[in-house]
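Coordinate analysis (summary)
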Amino acid sequence: MAQESFSFLHAADLHLDSPLRGLAAYPGAPVAELRLASREAFAGLVRTAIERDVAFVVLAGDLFDGEWRDYDSGLWFSARLRELDAAEIPVFAIRGNHDAESRVTRRLTWPANVHVFGSDAPSTERLDAIGVAVHGQSYPDATVEANLARDYPDPVPGDFNVGLLHTALDGREGHDRYAPCTVSELAAKGYDYWALGHVHRREVVAADPYIVFPGNLQGRHVRETGPKGATLVHVERGAVARLEELALDVVRWDRIVVDVEGAGDEAEILRRVDDSLGRSTVTADGRTVAARVVLVGATELDAALRVHRERIVAEVRAAAQRVDGDAWVERVVLDTRPPEEREAAADIAGLARRIEGATLDDEALARMAAELGTLADRLPSSARETVDPRDVDALRGLTEAARLDLAAMLASAPEPEDEP
């Protein structure tokens, strides 16, 4: 029979020691802090588990980002698990697509409090003292297309049953469709809580029973913005009473959109950047903010911003040094446009007008995306973090930006002098 009340921590997608390639190319990047962020986030999870006196911890896959470069990753992780062992907190884990049995071949013996589910078939582990049954299965390989949940064991009668699964369910944008299954299939199993992993955005998929993606523990790039962490599950009278979202990230990624419409001069634009960066550091609650700053809106300053892009980018990066808090600007994106009346009036020997009217239709963009896709498939995922060249909408945005840049340069070019 399940204990009257207890709590447990649900985390996933730790991606410990994720390589974060190419950071050195970004001016002023806090490289050391970013490289250690995944470790510091997990260390925070361990501290929280001990401070909150949780009954157990479940880790729903992708503990590591791939094969260890050496044993240091495993040794560090093992040391944190021993801290939980000393506090008598059991840990249940599965392997996902990034740390599947076939991918991480180096091995260490984990502390006695840790159980990593095997990959041959789903199985059940019980905590008799509090009446809990945890069911799970690891990935044997990086690509799992079978419905693993279908063969999960029946719930243990009288216990609080937790299903531990690395899956994209019936599909989630930006994530490979591994271990596919449906919400109704999971609900029909009769478990009290499904602890999912693989999707990096927190989502409470259902509440009867609870089916939850906690999101990843630490954002790794600008597509993983906002608070990241784990879910603390409170159980009372054998049922989930409430969920508590815990922010455990140590570096907060943010995409800061600054509307420059109506700004009279560059100084006003920079004041708006300062204000936006300041608000971001406040909401980050003392964490370092890694931000992409996007300038948007119709402005008379559009041409000047584009022609003097390098200086504007430097000024925006400098703004990060003025805010009250730690901030770093990963990239500055100019998504401004000239006012409509000026855009229509631009005419430099007919060329600027032709450029401003130039567009690529959907068919041309689709052909471009298909051709670029064959190259993109050969690139590491880190090289596609900014924009996926197979994304037609992303290519449309890039071509529009290039069109405006060229029009701005032509509009600011000096008039040719008359020949004597």
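Keep in mind that what you see is a predicted model, and the values were worked out from it rather than measured.

So, how was this worked out
Residues numbered from 1 in each chain as written. Predicted model: local features only at pLDDT ≥ 70, side-chain atom pairs only at ≥ 80, totals over all residues. Heavy atoms only, no water. Helix = DSSP H or I, 4+ residues; strand = E, 2+ residues; numbered from the N terminus. Buried < 20%, exposed > 50% of the residue type's maximum accessible area, 1.4 Å probe, protein only. Expected span 1.5 Å × (residues − 1). Contact = heavy atoms within 4.5 Å. Pairing = 2+ DSSP bridges. pLDDT = per-residue confidence, 0-100. Phe/Tyr/Trp six-rings, centres within 6.5 Å; stacked < 30°, edge-to-face > 60°. Lys NZ or Arg CZ within 6 Å of the ring centre and 35° of its normal. Axes fitted to C-alpha atoms, helices over the stretch in contact; angles between N-to-C directions. Left-handed = near helix turned anticlockwise from the far one by under 90°. Nonpolar A, V, L, I, M, F, W, Y, C, P; charged D, E, K, R; others polar. Arc of directions from axis to C-beta. Core = buried A, V, L, I, M, F, W, Y, C linked by side-chain atoms within 4.5 Å.

To continue, consider unusual backbone geometry. The omega torsion of the bond from Asp208 to Pro209 falls at 0 degrees, within 30 degrees of zero and hence cis. Summarising the element assignment, Pro209 is placed in the loop between β9 (203-207) and β10 (210-213). The phi dihedral of Asp17 is positive, around 60 degrees, even though this residue is not glycine. By the element assignment, Asp17 lies in the loop between β1 (5-11) and α1 (31-51). Note on Asp17: relative accessible area 25%, which makes it partly exposed. Of note, the phi angle at Leu169 is positive, near 55 degrees, even though the residue is not glycine. Mapped onto the elements, Leu169 comes out in the loop between β7 (160-166) and α3 (183-188).

Moving on, we come to helix α2 (residues 72-86). Taking 1.5 Å of rise per residue, 15 residues should cover 21 Å, and α2 covers 21 Å from first to last C-alpha, within 8% of that figure. Of all the positions in α2, only Ser73, Gly74, Trp76, Phe77, Ser78, Ala79, Arg80, Leu81 and Leu84 are classed as buried. Each element contacted by the buried residues of α2 is listed here: α1, β2 (56-60), β3 (91-94) and β4 (114-116). With its phi angle positive at about 60 degrees, Glu88 sits one or two positions after the end of α2.

Moving on to the pairing of β10. The side chains of a regular strand alternate between both faces of the sheet. With burial as the criterion, each face of β10 is covered, one bearing Tyr210 and Val212 and the other bearing Ile211 and Phe213. Sheet topology places strand β8 (residues 193-197) next to β10; 3 bridges connect them, and they run parallel. The residue of β10 that forms the bridge with Trp194 is Ile211. Of the pairings in the sheet, the one linking β9 to β10 comprises 4 bridges and is antiparallel in character. In the sheet register, Ala206 faces β10, and the bridge partner there is Ile211. In this structure, the hairpin formed by β9 and β10 is closed by a connection of 2 residues.

Let us look at the confidence of the model for the protein. Chain-level statistics for the protein give a pLDDT mean of 85 and a share of 78% at 70 or above. Confidence, read as mean pLDDT per element, is least for helix α8 (residues 351-356) in the protein (48) and greatest for β2 (98). Here residues 343-349 scores under 50 on pLDDT; set against residues more than four positions off or in separate chains, the count is 9 contacts. Counted against residues more than four places away or in other chains, residues 413-420, with its pLDDT under 50, gives 0 contacts.

On to the packing of aromatic side chains. The full count for this structure, using the stated rule, is 17 aromatic pairs. Measuring from ring centre to ring centre gives 6.2 Å for Phe6 and Phe56, while their planes differ by 45 degrees; the resulting arrangement is tilted. Of this pair, Phe6 sits in strand β1 while Phe56 is found in strand β2, placing the two residues 50 residues apart along the sequence. Phe56 matches Phe6 in its accessibility class, with the two residues each being buried. By way of ring pairs, the aromatic residues Phe42, Phe64, Trp68, Tyr71, Trp76, Phe77 and Trp110 are connected into one cluster. Arg80 extends its terminal NZ or CZ atom over the ring of Trp76, reaching a point 5.0 Å from the ring centre.

Let's shift gears to the packing of helix α4 (residues 266-283) against helix α6 (residues 309-319). Orientation of α4 relative to α6, taken along the N-to-C sense of each, is 40 degrees, at an axis distance of 9 Å. Crossing of α4 against α6: the hand is right-handed. Taken together, the residues of α6 that come into contact with α4 (itself represented by Glu266, Leu270, Val273, Asp274 and Leu277) are Arg311, Ile312, Glu315, Val316 and Ala319. Considered class by class, the residues forming the contact of α4 with α6 number 6 nonpolar, no polar and 4 charged.

As summarised here, the arrangement of the 6 strands in space is β4-β3-β2-β1-β11-β12, forming an open sheet in which the pairing is mixed. Here the strands that pair on one side only, and so sit at the sheet edges, are β4 and β12 (239-247). The sheet shows a mean angle of 20 degrees between the axes of neighbouring strands, taken without regard to direction. One ladder, built from 4 bridges, connects β2 with β3; its direction is parallel. Paired with Val57 across the bridge in β3 is Val91.

Further remarks concern α6. Along α6, the residues that are buried comprise Ile312, Val313, Val316, Arg317 and Ala319. The arc that holds the buried residues of α6, viewed along the axis, is 150 degrees, so those residues lie on one side. As for α6, its buried residues are in contact with α4, β14 (288-298), α5 (302-307) and β15 (327-337).

Here the focus is the nonpolar core. Ranked by size, the top nonpolar core spans 31 residues in total, and within it Leu9, Leu14, Phe42, Leu45, Val57, Leu59 and Phe77 carry the most contacts. Only β1, α1, β2, α2, β3 and β11 (229-236) provide two or more residues apiece to this core. Looking at this core, the element that brings in the most residues is α1, giving 6 residues. Those residues in contact with Leu45 that sit more than four places away from it in its chain are Leu9, Ala11, Val57, Leu217, Ala230 and Leu248. Ile256, Val313, Val316 and Val332 belong to the second-largest nonpolar core, a separate cluster that totals 25 residues.

Moving on, we come to the environment of Val333. Relative to the elements of secondary structure, Val333 occurs in strand β15. Along the chain, Val333 and Arg292 lie 41 residues apart, while their C-alpha atoms are 7.5 Å from each other. Look past the residues within four positions of Val333 in its chain and what remains in contact with it is Arg292, Val293, Val294 and Leu295.

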